[in-house]
Amino acid sequence: MRILAIGDIVGKPGRRAFQQLGRHLARAHRADFVIVNCENAAGGFGITPEIADELLENGAGCLTSGNHIWKHRTIYQYIDEEPRLLRPANFPEGAPGAGWGVYRWSGGKIAVINLMGLAGLDSLECPFKAFDHLYMEARLETPLVVVDFHAESTAEKAALAHHADGRASLVWGTHTHVQTADERVLPRGTGFITDIGMTGPEDSVIGVEKETVIERFITRLPARFDVPDTAPLLCGIVAELDPATGKAVEVKRIQERAI
């Protein structure tokens with residue numbers, strides 16, 4: 001089976017890119033299931049119920065997230081009621097929503113786990129131990145277990161992938177908004193890429209207006225980060241998985257420009 005995973009949707013340009021290209025790419029790559037990281041979909045920070053519905057209506061089978069998931073309080077009740085929107089599973093017990101789910105595709109079931117790294121981000125439960133626990137639960141449902149690891153550190157992302165090698169079907173990184181060129185299948189059969197990149201304005205600094213970021217680096221003064229409404233680039237991966245064994249066959253990067 002084939003997975004299409006789309007990198008962090010950033011603001012209106014990112015949503016526009018997914019609306020224009022999402023279904024087309026799913027057809028072109030014969031994707032059986034589409035996973036979208038919605039971490040920055042609402043003006044660059046977080047997600048709202050209305051935007052989550054929009055992404056789901058445009059072809060996403062599951063929405064993953066990260067450290068900005070709680071930016072808009074309207075999402076608290078929504079995430080409790082919509083199992084297709086995930087927050088990192090290693091948030092403390094009692095956080096709204098769920099950190100993983102099992103979803104149907106035409107050939108069976110797939111489990112999606114959302115985790116967040118610790119290096120440079122919030123102090124959460126250990127993502128390695130969280131994976132160990134959740135994998136055992138997910139494997140009871142299906143051999144196909146994929147992980148969106150929302151993390152800052154490339155080393156932490158690689159370490160988790162190797163920790164999960166031979167168990168997870170696929171581990172991809174999100175959060176840094178820069179697509180890496182290290183996609184591969186690890187020795188025991190887990191597909192991996194450090195970061196799948198962002199889906200948002202290409203002429204920007206990781207999705208933010210260039211001038212604002214440059215000024216902040218020069219002056220060190222606080223500044224509001226706005227998303228420029230310019231032509232977007234959609235980044236992600238297509239991965240082929242063996243539904244019988246849960247092993248990855250191939251991982252391929254994609255980049256597509258929208259208007």
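Keep in mind that what you see is a predicted model, and the values were worked out from it rather than measured.

Procedures and definitions
- Residues numbered from 1 in each chain as written.
- Predicted model: local features only at pLDDT ≥ 70, side-chain atom pairs only at ≥ 80, totals over all residues.
- Heavy atoms only, no water.
- Pairing = 2+ DSSP bridges.
- Helix = DSSP H or I, 4+ residues; strand = E, 2+ residues; numbered from the N terminus.
- Contact = heavy atoms within 4.5 Å.
- Axes fitted to C-alpha atoms, helices over the stretch in contact; angles between N-to-C directions.
- Salt bridge = Lys/Arg side-chain N within 4 Å of Asp/Glu carboxyl O.
- Buried < 20%, exposed > 50% of the residue type's maximum accessible area, 1.4 Å probe, protein only.
- 1 Å grid on protein atoms, 1.4 Å probe; cavity = no way out; pocket = protein on both sides within 12 Å on 5 of 7 lines; lining within 4 Å.
- Points joined across faces, edges and corners; volume = space filled by probe spheres on them.
- Nonpolar A, V, L, I, M, F, W, Y, C, P; charged D, E, K, R; others polar.
- Polar contact = N/O pair within 3.5 Å; in protein donor to acceptor, adjacent residues only side chain to side chain.
- Phe/Tyr/Trp six-rings, centres within 6.5 Å; stacked < 30°, edge-to-face > 60°.
- Lys NZ or Arg CZ within 6 Å of the ring centre and 35° of its normal.

Visitor: Is there a simple way to think about the sheet that holds strand 7 (residues 145-150) in this case?
Guide: Hydrogen bonding along the main chain pairs the strands of a sheet, whether they run parallel or antiparallel. Reading across from one edge, 5-6-7-8-10-9 is the order of the six strands in this open sheet, with mixed pairing throughout. Edge strands, defined here as strands with exactly one partner in the open sheet, are strand 5 (100-105) and strand 9 (184-185). As defined by bridge partners, strand 7 adjoins strand 8 (residues 170-174) across five bridges and the pair is classed as parallel. When the sheet's bridge partners are listed, Val 146 is paired in strand 8 with Leu 170. Helix 4 (residues 127-139) rests against strand 5, strand 6 (108-116) and strand 7 of the sheet, and its axis sits at about 165° to strand 6. Docked against the sheet, helix 5 (residues 154-164) engages strand 6, strand 7, strand 8, strand 9 and strand 10 (191-193), running at close to 170° with respect to strand 8.

Visitor: I'm lost on the pattern of salt bridges in this one. Help?
Guide: Side-chain pairs of opposite charge can arise whenever the charged atoms involved come near each other. For the structure on display, the rule yields 12 salt bridges. A salt bridge links Asp 132 to Arg 167; the shortest N-O distance between them is 3.0 Å. Within this pair, whereas Asp 132 is found in helix 4, its partner Arg 167 is found in the loop between helix 5 and strand 8, the two being separated by 35 residues in sequence. A residue is classified by how much of its surface remains accessible, and Asp 132, at 27% relative accessible area, is partly exposed.

Visitor: Where do I start with the layout of surface pockets in this structure?
Guide: Over the atoms a probe the size of a water molecule is rolled, and this reveals where empty space is left. In this structure, the largest pocket encloses a volume near 460 Å³. In terms of lining residues, the largest pocket is bounded by 24 residues, among which Phe 45, Val 205, Ile 206, Val 208 and Phe 225 are the most central. For the lining of the largest pocket, the element with the most residues is helix 6 (residues 210-219), which contributes three residues. Of the residues belonging to the lining of the largest pocket, the class tally is 10 nonpolar, nine polar and five charged.

Visitor: Any chance you could explain the side chain of Asn 67 here in plain terms?
Guide: For Asn 67, the position within the fold is in the loop between strand 4 (62-64) and helix 3 (75-81). A polar side-chain atom of Asn 67 sits 3.1 Å from a polar atom in the side chain of His 150. In terms of polar contacts, Asn 67 uses its side chain to reach the side chain of His 175, at 3.5 Å. Not counting chain neighbours up to four residues away, the residues in contact with Asn 67 comprise Glu 39, Met 116, Leu 121, Asp 122, His 150 and His 175.

Visitor: Would you take a moment to explain unusual backbone geometry for this structure?
Guide: Trans is the common state for peptide bonds, and a negative phi is the common state for residues other than glycine. The backbone of His 175 sits at a positive phi, close to 110°, despite the residue not being glycine. Residue placement: His 175 occurs in the loop between strand 8 and strand 9. Note on His 175: relative accessible area 15%, which makes it buried. At Ile 206, a position not held by glycine, the phi torsion is positive, near 45°.

Visitor: Hey, could you run me through the side chain of Thr 212 in this one?
Guide: Examined against the element boundaries, Thr 212 turns out to sit in helix 6. Sequence-distant contacts of Thr 212, that is, excluding residues within four places in its chain, are made with Ala 223, Arg 224 and Phe 225.

Visitor: What should I look at first to understand the packing of aromatic side chains in this one?
Guide: A ring pair, where both rings are aromatic, is described by two values, the distance of the centres and the angle of the planes. In total, this model carries four aromatic pairs according to the counting rule given. Taking 5.4 Å as the distance between ring centres and 70° as the angle between the ring planes, the aromatic pair formed by Trp 70 and Tyr 76 counts as edge-to-face. A relative accessible area of 18% places Trp 70 in the buried class. Put simply, the rings of Trp 70, Tyr 76 and Phe 91 touch in pairs and so form one group of aromatic residues. Across from the ring centre of Tyr 76, 4.6 Å away, lies the NZ or CZ of Arg 73, which sits over that ring.

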